[in-house]
Amino acid sequence: QVQLVESGGGLVQPGGSLRLSCAASATLSSLYVMGWYRQAPGKQRELVARITYGANTNYANSVKGRFTISRDNAKNTVALEMNSLQSEDTAVYYCNVEHVISRATYWGQGTQVTVSS
């Protein structure tokens, strides 16, 4: 069982920046992908960004060039640097870990990001 603890959400003005962090309670092997998803009110949860143990990344088209995902394998953490935030980025952001073979998936409790003037 892997527990994920997120931090760093909050209220920010349009054009601003936020950094989300997530720490896993267990040592994650190279078979785990870490990522961030988000869910806006009335919408389905969607992928924001994912990163493999070897630092291969993929991003949702809507955040490419604005968000950067990073991972520290030694600390079992993943971070999401969010720049040029827009109102459309307002959502609850969830940290996610998935085993690439068993597909075992773990979620954080979510952290609210609100972009508003």
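The residue numbers shown here count from 1 along each chain, following its written sequence. Confidence filtering applies because this is a predicted model: local features only for residues at pLDDT of at least 70, side-chain atom pairs given and counted only at 80 or more, and all residues used for totals across whole chains, interfaces and linings. Excluded from the side-chain calculation are hydrogens and water; included are all heavy atoms of the structure.

Some details on the pattern of salt bridges
The line we're drawing: Salt bridges are defined by distance alone: a side-chain nitrogen of Lys or Arg within 4 Å of a carboxyl oxygen of Asp or Glu. Only runs of H or I of at least four residues qualify as helices and only runs of E of at least two qualify as strands under DSSP, and these elements are numbered from the N terminus. We call a residue buried when its accessible area falls under 20% of the maximum for its residue type, exposed when it is over 50%, and partly exposed in between, using a 1.4 Å probe and counting protein chains only.
Going through the model one piece at a time under the given rule, you end up with six salt bridges. Across the pair Glu81 and Arg19 runs a salt bridge, and its minimum N-O distance is 3.2 Å. Of the two residues, Glu81 is situated in strand S8 (residues 77–82) and Arg19 in strand S3 (residues 18–24); the sequence distance between them amounts to 62 residues. Using a relative accessible area of 25% as the deciding quantity, one classes Glu81 as partly exposed. With a closest N to O distance of 3.0 Å, Arg103 and Glu98 form a salt bridge. Glu98 gets classed as buried once you look at its relative accessible area, which sits at 13%. Overlapping salt bridges, with partners in common, bring together Arg38, Glu46, Arg66 and Asp89 in one network.

A few points about the sheet that holds strand S7 (residues 67–72)
Let me state the cut-off plainly: Two strands form a pair only when DSSP identifies at least two bridges running between them. Each axis is a line fitted through C-alpha atoms, taken for helices only over the stretch in contact, and angles between the N-to-C directions span 0 to 180 degrees.
In space, the four strands of this open sheet follow the order S1-S3-S8-S7, with antiparallel pairing throughout. Two strands lie at the open edges of the sheet, namely strand S1 (4–7) and S7, each paired on one side alone. Direction aside, the axes of adjacent strands within the sheet are offset by 15° on average.

Considerations on the pairing of strand S9 (residues 91–99)
With eight of its nine residues buried, S9 lies for the most part within the structure. Relative to S9, strand S4 (residues 32–39) runs antiparallel, the two sharing eight bridges. Bridged to Trp36 within S9 is Cys95. Here S9 runs beside strand S11 (residues 111–115); their pairing, made up of three bridges, is antiparallel. The residue of S11 that forms the bridge with Val92 is Gln112.

What to know about a nonpolar patch on the surface
Quick note on the threshold: What goes into a patch is any residue over 30% in relative accessible area without a salt bridge, connected to like charges within 9 Å or, for nonpolar side chains (Val, Leu, Ile, Met, Phe, Trp, Tyr), within 5 Å. Only the protein chains shown count as covering a residue, and every accessible area follows the Shrake-Rupley method with a 1.4 Å probe.
A cluster of nonpolar side chains, contributed by Leu31, Val100 and Ile101, occupies part of the molecular surface with about 250 Å² of accessible area. Residue position: Ile101 is located in the loop between S9 and strand S10 (105–107). What makes Ile101 exposed here is its relative accessible area of 63%.

Remarks on the environment of Pro41
Inspection of the secondary structure puts Pro41 in the loop between S4 and strand S5 (46–51). Take Pro41: its relative accessible area is 73%, and that puts it in the exposed class. Separated by 50 residues in the primary sequence, Pro41 and Ala91 place their C-alpha atoms 7.0 Å from one another.

Focus on the nonpolar core
Counted only if it meets this: Residues enter a nonpolar core if they are buried and are Ala, Val, Leu, Ile, Met, Phe, Trp, Tyr or Cys, with the set joined through side-chain atoms within 4.5 Å. Should any heavy atoms of two residues lie within 4.5 Å, those residues are considered in contact.
Grouped together as the largest cluster of nonpolar side chains are 30 residues, with contacts concentrated most on Trp36, Leu80, Met82 and Tyr93. Of all the elements in the fold, those that place two or more residues in this core are S3, S4, S5, S7, S8, S9 and S11. Residues in contact with Tyr93, not counting those within four places in the same chain, are Glu6, Leu20, Trp36, Tyr37, Arg38, Val48, Phe67, Leu80, Met82, Gly110, Thr111 and Val113.

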